[in-house]
Amino acid sequence: MLREDQMTWRCGKHEISLARPRIMGVLNVTPDSFSDGGTHASPDAAIEWGLKLLDDGADIIDVGGESTRPGFRPVSPDEEAKRVIPVIRALTDAGAVVSVDTRHPEVARLAVKLGASIVNDVTGFTNPEMVRVAVESDCGCVVMHAGEVSGRTPRRSVTLDSSAAARAAAHAKDDAEKHDEPTAAEAADAAAAERLDEVMRRSARGVTSPTVTLAGGNRRFTLPDSGPIMRHVMGFLGDQARELMRAGVSRDCICIDPGPGFGKLADEDVVIQRANAKMVSMGYPVMCAVSRKRFVGAVSGVTEAPARDAATAGVCIAAVEAGARILRVHDVAGVSQALNSYWSVAHPDPRRAFVALGSNVGDRLDYLRRAISLINAIPLTCVTGVSRAYETDPAYGIAMPVANAVAEIRTELAPLVLIDELLGVEKKLGRTRPAGQEGHGPRTIDCDLLWMEGETHAGRKLALPHPRLGERDFVIVPMEDLMHDPERFLAHAGISVLPREQRVGLVRADLGEISWE
């Protein structure tokens with residue numbers, strides 16, 4: 001259902017259209033994350049927050065159970081799994097696209113098995129076992145660079161080098177046999193965690209790469225030379241992406257993340273952000289994961305991490321303009337608002353959508369007509385076609401026959417912005433939603449967003465495509481007025497249409513055309 005010129009990111013059963021930028025909401029199920037530690041530490045609190053992030057505009061929820069702030073306490077795979085798995089299961093059951101933020105292959109493997117579609121690995125898939133997880137599944141892979149960019153450290157900067165790993169494995173094996181000490185894998189994991197902590201501590205102190213200087217010691221440039229920095233970062237990301245592909249991972253499953261804040265000075269992070277277009281040219285989706293980071297505070301003058309959300313939105317917009325398509329942020333509502341307004345003004349993006357309309361009180365045909373006129377007046381939106389009106393059987397607890405129709409529209413609004421506008425149409429026409437009726441009682445007008453080109457979404461406020469679209473005769477029959485074969489059309493979007501005898505709300509009479517202009 002996507003236009004041929006659209007890049008997509010394939011993540012398990014999901015194909016995420018990158019025709020417009022996507023928001024990945026950060027959900028830390030930890031007591032010690034740098035800006036929100038402990039806020040969502042219990043599974044119930046985390047699940048509720050994840051559902052809220054979806055309604056705020058998140059396309060993906062990134063669930064993490066281990067902080068990687070300077071001085072972080074390494075978490076065992078068992079403890080991390082206990083934190084994140086209940087949250088992942090609940091959010092995937094709700095239909096969300098879920099990413100697991102982990103460096104532990106055991107956690108990644110379990111998370112993918114239980115529904116996660118993306119593995120976001122802070123160590124950049126340098127662990128062969130993590131590569132194996134990617135190969136065995138068809139999950140999306142976020143390859144992140146974590147390390148210094150001065151060239152003084154090995155490119156694979158958060159793993160043991162081969163000789164050190166071998167020595168650690170042999171030592172661990174001997175000790176395990178004698179004293180029930182940690183295994184080789186546990187020793188290597190601990191060493192990797194120690195190295196990552198060292199990188200984060202050094203960057204927090206501003207101890208990474210030297211700045212370009214004159215002979216007299218004065219800085220010649222406001223920023224260090226971008227060449228060595230980008231060769232290092234892009235070299236690592238390219239190497240690891242190719243490593244994944246050689247192992248059998250499809251190219252369209254891979255996303256790259258330069259790892260802002262991980263072993264980098266503020267100056268270096270700015271250099272890297274200014275080079276987003278170069279990273280985009282590598283041919284992979286680029287993630288902008290700058291949310292509340294130290295360098296964002298440096299350029300904005302905001303000291304406290306939780307107060308950096310507005311500054312984060314500014315950096316994200318700059319990244320999007322350079323071609324980044326995944327924005328990993330804490331403040332989903334704020335960034336969604338900034339992104340939607342920026343995109344609507346800067347990027348013409350009309351897309352096809354279908355809206356189902358129903359009325360079962362008063363002058364039903366007049367309510368349908370007035371609703372269509374109001375939809376046509378929504379900003380950046382126009383009605384391009386309207387089906388005939390049909391009398392249909394009651395369904396979902398409705399006690400009286402319904403007049404139904406479907407409107408085809410073109411819109412440049414984001415789905416959650418459009419659904420708010422449609423709810424506004426209902427309000428203008430006197431729709432009320434009494435408690436306990438779940439929206440199925442008497443109504444002057446009901447506006448359901450059924451499908452939108454290139455869009456999928458999960459949440460309590462909106463689910464796209466509409467989860468009951470394929471079972472509704474009062475939708476499928478009107479859509480036949482707007483296209484030759486709606487069943488085939490919907491099948492391309494992964495929507496199965498039931499045989500007519502199995503549908504609900506069967507069409508009983510043709511009420512004629514709707515005159516609305």
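Residues numbered from 1 in each chain as written. Predicted model: local features only at pLDDT ≥ 70, side-chain atom pairs only at ≥ 80, totals over all residues. Heavy atoms only, no water.

Draft legend 1. Up close: the overall build of the protein chain. Broken down by element type, the protein chain carries 16 helices and 16 strands. Here the protein chain holds 517 residues, and 54% of them are scored as buried. Taking all contacts inside the protein chain whose residues are at least 6 apart in sequence as the whole, residues at least 24 apart take part in 71%. When the accessible surface of the protein chain is summed, it comes to about 22,000 Å², and 51% of that surface belongs to carbon and sulfur atoms. (Helix = DSSP H or I, 4+ residues; strand = E, 2+ residues; numbered from the N terminus. Buried < 20%, exposed > 50% of the residue type's maximum accessible area, 1.4 Å probe, protein only. Contact = heavy atoms within 4.5 Å. Areas by Shrake-Rupley, 256 points an atom, 1.4 Å probe, with all protein chains shown as cover.)

Draft legend 2. View of the state of the cysteines. Overall, the coordinates contain zero disulfides when judged by the stated rule. Unpaired in this structure, Cys 141 has its nearest cysteine sulfur neighbour in Cys 139, at a distance of 4.2 Å. Assessed through its relative accessible area of 0%, Cys 141 is described here as buried. (Disulfide = S-S within 2.5 Å.)

Draft legend 3. Focus on the nonpolar core. Residues Val 63, Ile 88, Leu 91, Phe 125 and Leu 244 are the most contacted members of the largest nonpolar core, which totals 76 residues. No other element matches the eight residues that helix α7 (residues 226-247) contributes to this core. Every residue in contact with Leu 244, bar those within four places of it in the chain, is listed here: Phe 125, Val 131, Ala 134, Cys 141, Val 143, Val 249 and Ile 254. (Core = buried A, V, L, I, M, F, W, Y, C linked by side-chain atoms within 4.5 Å.)

Draft legend 4. The arrangement of the confidence of the model for the protein chain in detail. Averaged over the protein chain, the pLDDT score is 86; the fraction of residues at 70 or greater is 81%. Scored below 50 in pLDDT, residues 1-5 shows 13 contacts in the model against residues more than four places distant or in partner chains. Taken together, the stretch residues 207-216 has pLDDT below 50 and engages in 24 contacts with residues farther than four places along the chain or on a different chain. (pLDDT = per-residue confidence, 0-100.)

Draft legend 5. Just the packing of helix α3 (residues 105-113) against helix α4 (residues 128-136), in detail. Direction vectors running N to C along α3 and α4 enclose 15 degrees, while the axes themselves pass 9 Å from each other. By the angle class used here, α3 and α4 are roughly parallel. The two elements α3 and α4 meet at a crossing, and its hand is right-handed. The residues of α4 that touch α3, namely those facing Pro 105, Ala 108 and Arg 109, are Glu 129, Met 130, Arg 132, Val 133 and Glu 136. When the residues that make up the contact of α3 with α4 are grouped by side-chain class, the tally is four nonpolar, no polar and four charged. (Axes fitted to C-alpha atoms, helices over the stretch in contact; angles between N-to-C directions. Parallel < 35°, antiparallel > 145°, perpendicular 65-115°, else oblique. Left-handed = near helix turned anticlockwise from the far one by under 90°. Nonpolar A, V, L, I, M, F, W, Y, C, P; charged D, E, K, R; others polar.)

Draft legend 6. Region of interest: unusual backbone geometry. For the bond running from Leu 464 to Pro 465, omega is -15 degrees, close enough to zero to count as cis. Mapped onto the elements, Pro 465 comes out in the loop between β15 (446-452) and α15 (473-479).

Draft legend 7. Up close: the pattern of salt bridges. A complete count under the given rule lists 33 salt bridges for this structure. Here Arg 10 and Asp 252 are joined by a salt bridge, their closest N and O atoms 3.4 Å apart. Of this pair, Arg 10 sits in strand β1 (residues 8-11) while Asp 252 sits in the loop between α7 and β8 (254-257), and the two are 242 residues apart along the sequence. The exposure class of Asp 252 is partly exposed, given its relative accessible area of 31%. The partner of Arg 352 in a salt bridge is Glu 408, with the nearest N and O atoms 2.7 Å apart. With Arg 352 in strand β11 (residues 351-359) and Glu 408 in strand β14 (residues 402-411), this residue pair connects regions lying 56 residues apart in the sequence. Residue Glu 408 is classed as buried on the basis of its relative accessible area, which comes to 11%. When salt bridges that share partners are traced, they join Arg 22, Asp 59, Asp 349, Arg 351 and Glu 455 into one network. (Salt bridge = Lys/Arg side-chain N within 4 Å of Asp/Glu carboxyl O.)

Draft legend 8. View of the sheet that holds strand β7 (residues 140-144). Strand order in the open sheet formed by eight strands is β8-β7-β6-β5-β4-β3-β10-β9, with parallel pairing between adjacent strands. The outermost strands of the open sheet, each flanked by one partner alone, are β8 and β9 (287-288). With four bridges joining them, strand β3 (residues 22-28) and strand β10 (residues 326-329) adopt parallel strand pairing. Looking at the pairing, Gly 25 lines up with Val 329 of β10. Packing against the sheet, helix α11 (residues 309-321) makes contact with β9 and β10, and its axis sits at approximately 165 degrees to β10. The strands touched by helix α12 (residues 332-346) are β3 and β10; relative to β3, the strand with the most contacts, the crossing angle is about 170 degrees. (Pairing = 2+ DSSP bridges.)

Draft legend 9. Region of interest: the side chain of Lys 264. Positionally, Lys 264 belongs in the loop between β8 and α8 (266-274). There is no salt bridge for the buried Lys 264, and the closest opposite charge comes from Asp 269, which lies 5.4 Å off by N-O distance. There is a polar contact of 2.9 Å between the side chain of Lys 264 and the backbone oxygen of Phe 262. (Lys, Arg positive; Asp, Glu negative; His and termini not counted. Polar contact = N/O pair within 3.5 Å; in protein donor to acceptor, adjacent residues only side chain to side chain.)

Draft legend 10. Summary view of the environment of Val 112. If you trace the backbone, Val 112 turns up in helix α3. Along the backbone, Val 112 and Cys 139 are 27 residues apart, and their C-alpha atoms lie at a distance of 7.3 Å. The residues touching Val 112, leaving out its near neighbours within four places in the chain, are Val 119, Ser 137 and Cys 139.

Draft legend 11. Fine view of helix α1 (residues 43-56). Over its 14 residues, α1 extends 20 Å from the first C-alpha to the last, a length consistent with the 20 Å expected when each residue adds 1.5 Å. Buried residues of α1: Ala 46, Ile 47, Gly 50, Leu 51, Leu 53, Leu 54, Asp 55 and Asp 56, and no others. The inward-facing, buried residues of α1 contact β3, β4 (60-64), α2 (77-93), α12 and α14 (415-428). (Expected span 1.5 Å × (residues − 1).)

Draft legend 12. Examining the environment of Ala 313 more closely. The residue Ala 313 is located in helix α11 in this model. Remark: the alpha-carbon pair of Ala 313 and Gly 334, spanning 21 residues in sequence, is separated by 7.4 Å.

Draft legend 13. Highlighting the packing of aromatic side chains. Summed over the entire model, instances satisfying the criterion amount to four aromatic pairs. Each ring, one from Phe 354 and one from Phe 489, has its centre 6.0 Å from the other, and the planes form 80 degrees; the classification is edge-to-face. Residue Phe 354 is found in strand β11, and its partner Phe 489 is found in helix α16 (residues 486-492); the two are separated by 135 residues along the sequence. Under the relative-accessibility criterion, Phe 354 is labelled buried at 1%. (Phe/Tyr/Trp six-rings, centres within 6.5 Å; stacked < 30°, edge-to-face > 60°.)

Draft legend 14. Representation of the packing of α2 against α3 in the model. Direction vectors running N to C along α2 and α3 enclose 20 degrees, while the axes themselves pass 9 Å from each other. With respect to α3, the element α2 is oriented roughly parallel. α2 and α3 meet at a crossing whose hand is right-handed. Where α2 approaches α3, its residues Pro 77, Glu 80, Ala 81, Val 84, Ile 85 and Ile 88 are matched on the opposing element by Glu 106, Val 107, Leu 110 and Ala 111.

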